[in-house]
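Take a look at the letters that make up each chain.
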Amino acid sequence: MVTESQGTALFDREAWKALTAHHEELEGKQLKELFAADPARGTRYTAEAAGLFLDYSKNRVDDTTLKLLMQLAEECGLKDKIEAMFRGDKINVTEGRAVLHVALRAPRGESIVVDGQDVVPEVHQVLDKMSGFADKVRSGEWKGFTGKRIKNVVNIGIGGSDLGPVMAYEALRHYSDREKTFRFVSNVDGTDFVEAVRDLNADETLFLVASKTFTTQETMTNAHSAREWALATLKDDAAIAKHFVAISTNAKEVAKFGIDTENMFGFWDWVGGRYSMDSAIGLSTMLAIGPDQFREMLAGFHAMDVHFRTTPFAQNLPVLLGLLTVWYTDFFDAQTMAILPYEQYLKRFPAYLQQLTMESNGKHVTLEGAHVSTETGPIYWGEPGTNGQHSFYQLIHQGTRLIPCDFIGFFKSLNPLGRHHDMLMANVFAQAEALAFGKTAEQVKAEGTADWLVPHRVFEGNRPSNVILAEELTPKLLGTLVALYEHSVFTQGAIWNIDSFDQWGVELGKVLATRILGELEGDAALTHDTSTNALIERYRKNK
Ligand code: G6Q
């Protein structure tokens with residue numbers, strides 16, 4: 001494969017070269033020194049937008065770093081790339097598609113034209129149809145086949161058709177209809193489906209089959225099992241129309257499955273799976289929190305879209321987060337980023353971000369098809385605080401790897417309980433402080449620690465983190481937070497000059513699994529490598 005050519009490669013850009021030289025100087029500096037040199041640092045290195053406050057002062061940067069990162073963004077054409085996305089240009093070049101999740105939250109009356117068609121009115125048509133349906137289900141006007149109210153909603157989908165809906169349901173549970181049970185089935189492992197429905201009555205259960213393509217093996221297998229399960233009780237094909245709806249772009253396949261296309265909620269090829277929780281894929285979210293609060297969530301997304309598009313880079317939250325990620329990934333060899341929400345309702349947020357970030361920027365080829373000359377997307381992971389503190393934080397504090405962390409916290413708890421919230425937030429501030437400033441041997445000794453034990457109790461510090469704060473977790477705020485990371489991912493992809501919106505890496509496994517499935521169920525001669533052949537043989541014998 002060709003590599004990026006001399007002169008146009010990322011490492012040949014003026015800002016990149018300057019950053020390389022600057023990194024050598026800065027690498028030896030401690031955050032402690034940077035703070036000492038600038039008494040205003042803790043308030044100066046902050047930015048605020050759309051209800052989110054970002055303190056990025058505990059990063060290993062100074063004014064020069066920031067200036068050069070901004071320059072890099074300019075040199076890489078970030079501004080133009082942002083405009084191209086919002087304009088509806090086909091920036092997903094390998095699939096020849098526009099990338100317009102921002103249109104999903106564009107207010108009525110705005111206009112975004114794709115292939116000569118203004119897509120905003122269509123977006124609102126679907127939203128209105130979803131709202132009408134959600135109102136009926138929530139009020140009880142929509143009845144199951146036997147005349148009972150819908151009490152349970154089961155979303156069947158995988159990847160982008162699952163992770164967003166699950167995350168949003170968990171995040172907004174406080175605002176959800178507590179009379180209803182929501183379940184999410186994704187894995188082709190039959191246990192996922194069986195456990196999800198074992199205590200549900202079919203005549204009170206609505207299945208949302210969420211699949212952009214309506215051909216995904218896992219989702220279709222689960223949907224067929226759901227149909228059999230429902231029909232075992234309801235015993236009449238006519239019941240399907242009352243208990244199954246589809247969320248898809250593929251009307252033909254939806255009809256083939258037996259779902260009335262009247263009960264289909266559409267979206268478009270310009271919505272990527274991992275960017276679709278605010279499209280019809282979010283129907284489960286709307287059923288849980290109601291149409292008005294769903295629209296609040298969209299308003300939150302939109303507020304961050306406007307911020308991203310219009311704010312100078314130096315105050316632009318997603319640009320700052322994205323550039324810092326590039327800084328650590330490429331100049332400090334950081335391989336992973338930890339996302340640490342101090343909010344129990346955000347327990348699925350790190351898992352959601354794993355797909356958003358890693359499926360988007362896990363690429364080794366530039367838009368022009370050359371091998372990249374630098375590292376690209378880091379590994380994202382995390383757990384809600386404070387649980388992680390009692391497990392993996394040890395490595396972040398005292399291990400040998402640099403792991404930049406994003407702490408996310410709120411001023412107010414949705415469930416105020418005694419001192420709980422102050423205790424929770426004390427941990428956010430304490431962890432970020434400890435990571436940055438550590439604890440020296442002198443401090444450890446002064447505590448009376450025996451000499452031999454001192455090295456074990458020293459915290460080197462100088463470990464970077466962001467602290468993101470907001471008032472309270474609301475539907476609107478959730479939208480803003482998700483859009484913050486969507487656009488941070490965009491910023492990273494723009495610098496690396498990769499296609500953040502395709503996912504060819506997901507395809508190979510799908511093709512191979514289909515071939516092997518036939519082999520597991522038959523006895524055809526095997527022509528794989530010796531390991532795969534032997535594993536298949538062993539399975540055939542023992543299944
Ligand atoms: C996301 C990916 C992928 C996709 C799933 C489900 O960006 O494309 O995770 O969402 O493979 O696809 P369907 O919605 O087509 O079933």
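Everything below is about the structure printed above this text.
Residues numbered from 1 in each chain as written. Predicted model: local features only at pLDDT ≥ 70, side-chain atom pairs only at ≥ 80, totals over all residues. Heavy atoms only, no water.

## Some words on the sheet that holds strand β11 (residues 379-381)
What counts here: Pairing between strands requires that DSSP locate at least two bridges from one strand to the other. Counting from the N terminus, the helices are DSSP H or I runs at least four residues long and the strands are E runs at least two residues long. In this analysis an axis means a line fitted to C-alpha atoms, helices contributing only their contacting stretch, and an angle means the value between N-to-C directions, from 0 to 180 degrees.
If you walk across this open sheet you meet the six strands as β1-β2-β13-β12-β10-β11, and the pairing is mixed. Each edge of the open sheet carries a strand with a single partner, namely β1 (46-49) and β11. Strand-to-strand, the axes of this sheet are offset by a mean angle of 15 degrees, without reference to chain direction. As paired strands, β1 and strand β2 (residues 52-55) are joined by four bridges and run antiparallel to one another. Bridge pairing in β2 links threonine 46 to aspartate 55.

## Topic: the sheet that holds strand β9 (residues 264-266)
Using the following cut-off: In what follows, residue pairs with any heavy atoms lying within 4.5 Å of each other are defined as contacts.
A sheet is described by the order of its strands in space; here five strands give the open sequence β6-β5-β7-β8-β9, paired in parallel fashion. Every other strand in the sheet has two partners, leaving β6 (181-185) and β9 as the edge strands with one partner each. Direction aside, the axes of adjacent strands within the sheet are offset by 20 degrees on average. As defined by bridge partners, strand β5 (residues 152-156) adjoins β6 across five bridges and the pair is classed as parallel. When the sheet's bridge partners are listed, asparagine 152 is paired in β6 with threonine 181. Packed onto the sheet, helix α7 (residues 120-139) meets β7 (205-210), β8 (244-248) and β9 and runs at close to 145 degrees relative to β9.

## Side note on the pattern of salt bridges
The condition that has to hold: We define a salt bridge as a contact between a side-chain nitrogen of Lys or Arg and a carboxyl oxygen of Asp or Glu at a distance within 4 Å. A 1.4 Å probe rolled over the protein chains alone gives each residue an accessible area, and that area as a share of the maximum for its type sets the label: buried under 20%, exposed over 50%, partly exposed in between.
All told, the structure shown has 27 salt bridges when counted by the stated rule. Linking glutamate 519 and arginine 515 is a salt bridge whose minimum nitrogen-to-oxygen distance equals 3.7 Å. Here glutamate 519 pairs with arginine 515, and both are found in helix α22 (residues 505-521), just four residues apart, close to one helical turn. Among the residues examined, arginine 515 registers a relative accessible area of 40% and is labelled partly exposed. Salt bridges sharing partners connect three or more residues here, namely Arg105, Asp278, Asp305 and Glu486.

## A word on empty space enclosed by the protein
Here is the rule we go by: Only protein atoms enter the 1 Å grid used here, on which a cavity is any set of points holding a 1.4 Å probe that cannot leave and a pocket is any open set flanked by protein within 12 Å on both sides along at least five of seven lines; residues with an atom within 4 Å of a point are listed as lining. Grid points are joined across faces, edges and corners, and a volume is the space filled by probe spheres set on the points. Ten residues, namely Ala, Val, Leu, Ile, Met, Phe, Trp, Tyr, Cys and Pro, are considered nonpolar, four, namely Asp, Glu, Lys and Arg, are considered charged, and the remaining ones, Gly among them, are considered polar.
By the definition in use, this model includes two cavities of 30 Å³ or more. Each pocket or cavity is described by its volume, and for the largest cavity that value is around 120 Å³. Lining the largest cavity are 16 residues, with Leu321, Thr325, Met337, Asp406 and Asn466 positioned closest to its centre. Where the lining of the largest cavity is concerned, the elements lending two or more residues are α15 (317-331), β10 (336-341), β12 (405-410), β13 (465-470) and α21 (475-496). Per element, the largest residue contribution to the lining of the largest cavity is four residues, and it comes from α15. Looking at the lining of the largest cavity residue by residue, the classes come out as 10 nonpolar, five polar and one charged. By volume, the second largest cavity is sized at about 50 Å³. Considering the residues around the second largest cavity, the lining is formed by Leu104, Val123, Val126, Leu127, Met130, Gly266, Trp268, Asp278, Ser279 and Ala280. At four residues, α7 tops the list of elements feeding residues into the lining of the second largest cavity. Grouping the constituent residues of the lining of the second largest cavity by class yields seven nonpolar, two polar and one charged.

What is shown is where atoms sit, not what they do.
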